[in-house]
Amino acid sequence: MAGLLVRWITGVLFFAIGFLWAVFVVVTTVVTTLFGGKKGITSFFEKKDHSKLPDVAKAVDVQHDFVSTKSGMKFEYVHAGEADKPLMLCMHGFPECWYSWRYLIEKFRDRYHIVAFHSRGYGNSDKPKEINKYHMNYLVNDVAEIIEALGYPRATLVAHDWGGAIAWEVPKYFPHLVDKVIIMNAPNTTAARKGIGFSQFLKSWYICLYQMPYLPELLVQSKDFGLLGSAFNGKKMGIKNKSNKLTREEIDVYKHYIGNNISGPLNYYRAINPIYRGFGLKAKTRKVVHPVLLIWGDQDAALGKELAELAKGGATDITVAMIPGASHWVNQDEPEKVHEQMEKFLMQNQ
């Protein structure tokens, strides 16, 4: 009974903080939009057709396919490399897609069968409507069932952002399906719990805002998904390496994959709220016992670099590699440096 009460109090607090942020954001957005006059209003509601996959994504040498799991979910994925090689399963974050792994695919396709799938709610993967269906239990189970459905005994997980949060949990629930774990700019629950100081709270304000219904969808879609451009290329959050900043056509790739349903990706944040429950999946271990490489761009504007150090408490065998000057999008910002750390880790843990 006490646990239930704590869950509901915490859940209400999530909504309350989200409401306060929503008031601030709405007032700010309305004022700035009206200040722009008719042009500002038109721009806010602008939405172009992104139903066609841009040519820049078509030019990447991958095969597109779908896999169905025993839970009845269907997932879209791309793959490269020979199927008889070990499986490297790549897991994207928010608001991303398989294209984020284009550099890695090219680098490691000669040694691995690389599969980069779209998580539930993204792209052309299935999109449950219920918020609780984005609880971590379901996300972790998806990964396990995808590995099994692809016909592999285990996989090396490579993950970023939300994909990284999931990859931290998979080895604890399904240790027999995991070989090694490579995570980029994503804390585990140990780090998130210990690192939620005032500074990190301010950096993570959007998590509470995303608890609100409808408003986050409107904001993300506004100005033809303008959030994507500012996220990937903006001065504060965006890619720091000028030579690797995304082109307009590349940003359109992301618009193509999230444009048909932004509620699914946003529900990942909503399902963090403890009022939403999973299906009772039980962990086999408290810590990750597999070799872990945690790569961290130290200029991440959303997740403080101190979280990387705190994450060590969630694994028994972990290497932390800090990438100086790199943003949250470290795998796209400094791919060569990321691959160098991966190569070293994979060699040491053959």
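Cut-off values and rules
- Residues numbered from 1 in each chain as written.
- Predicted model: local features only at pLDDT ≥ 70, side-chain atom pairs only at ≥ 80, totals over all residues.
- Heavy atoms only, no water.
- Phe/Tyr/Trp six-rings, centres within 6.5 Å; stacked < 30°, edge-to-face > 60°.
- Helix = DSSP H or I, 4+ residues; strand = E, 2+ residues; numbered from the N terminus.
- Salt bridge = Lys/Arg side-chain N within 4 Å of Asp/Glu carboxyl O.
- Buried < 20%, exposed > 50% of the residue type's maximum accessible area, 1.4 Å probe, protein only.
- Pairing = 2+ DSSP bridges.
- Axes fitted to C-alpha atoms, helices over the stretch in contact; angles between N-to-C directions.
- Contact = heavy atoms within 4.5 Å.

Q: Outline the packing of aromatic side chains, listing residues and values.
A: A complete count under the given rule lists 19 aromatic pairs for this structure. For the ring pair Trp 162 and Tyr 269, a centre distance of 5.7 Å and an interplane angle of 85 degrees mean the geometry is edge-to-face. Taken together, the residues span a long stretch of sequence, with Trp 162 in helix α6 (residues 162–173) and Tyr 269 in helix α12 (residues 263–270) at a distance of 107 residues. Here the aromatic rings of Tyr 210 and Tyr 269 are separated by 5.2 Å at their centres, their planes lie at 70 degrees, and the arrangement is edge-to-face. Here Tyr 210, found in the loop between α9 (205–209) and α10 (215–233), pairs with Tyr 269, found in helix α12; they are 59 residues apart in sequence, far enough to count as distant.

Q: I'd like a description of the pattern of salt bridges, backed by residues and values.
A: One pass over the structure, following the stated rule, counts 15 salt bridges. Between Arg 102 and Glu 250 there is a salt bridge, with the nearest N and O atoms lying 3.7 Å from each other. Of this pair, Arg 102 sits in helix α4 (residues 102–108) while Glu 250 sits in helix α11 (residues 248–258), and the two are 148 residues apart along the sequence. Take Glu 250: its relative accessible area is 10%, and that puts it in the buried class. A salt bridge links Asp 252 to Lys 255; the shortest N-O distance between them is 3.9 Å. Taken together, the residues Asp 252 and Lys 255, both in helix α11 and 3 residues apart, mark about one turn of the helix. One connected set of salt bridges, linked through shared partners, spans Lys 107, Asp 110, Arg 111 and Glu 343.

Q: How would you sum up the sheet that holds strand β4 (residues 113–117)? Please name residues and give values.
A: Either a parallel or an antiparallel arrangement is found when strands of a sheet pair, and the pairing is made through backbone hydrogen bonds. Read across the open sheet, the 8 strands follow the order β1-β2-β4-β3-β5-β6-β7-β8; overall the sheet is mixed. The strands lining the two open edges of the sheet, one partner per strand, are β1 (63–68) and β8 (318–323). The mean inter-strand angle of the sheet, taken between neighbouring strand axes irrespective of direction, is 25 degrees. Looking at chain direction, strand β2 (residues 74–80) and β4 are connected through 4 bridges and run antiparallel. Within β4, the residue paired with Val 78 across the bridge is Ala 116. In the packing of helix α15 (residues 335–348) onto the sheet, the strands contacted are β3 (87–91), β5 (155–160), β6 (178–184), β7 (292–297) and β8, and the crossing angle to β6 comes to about 155 degrees.

Taken by themselves, the reported measurements are silent on function.
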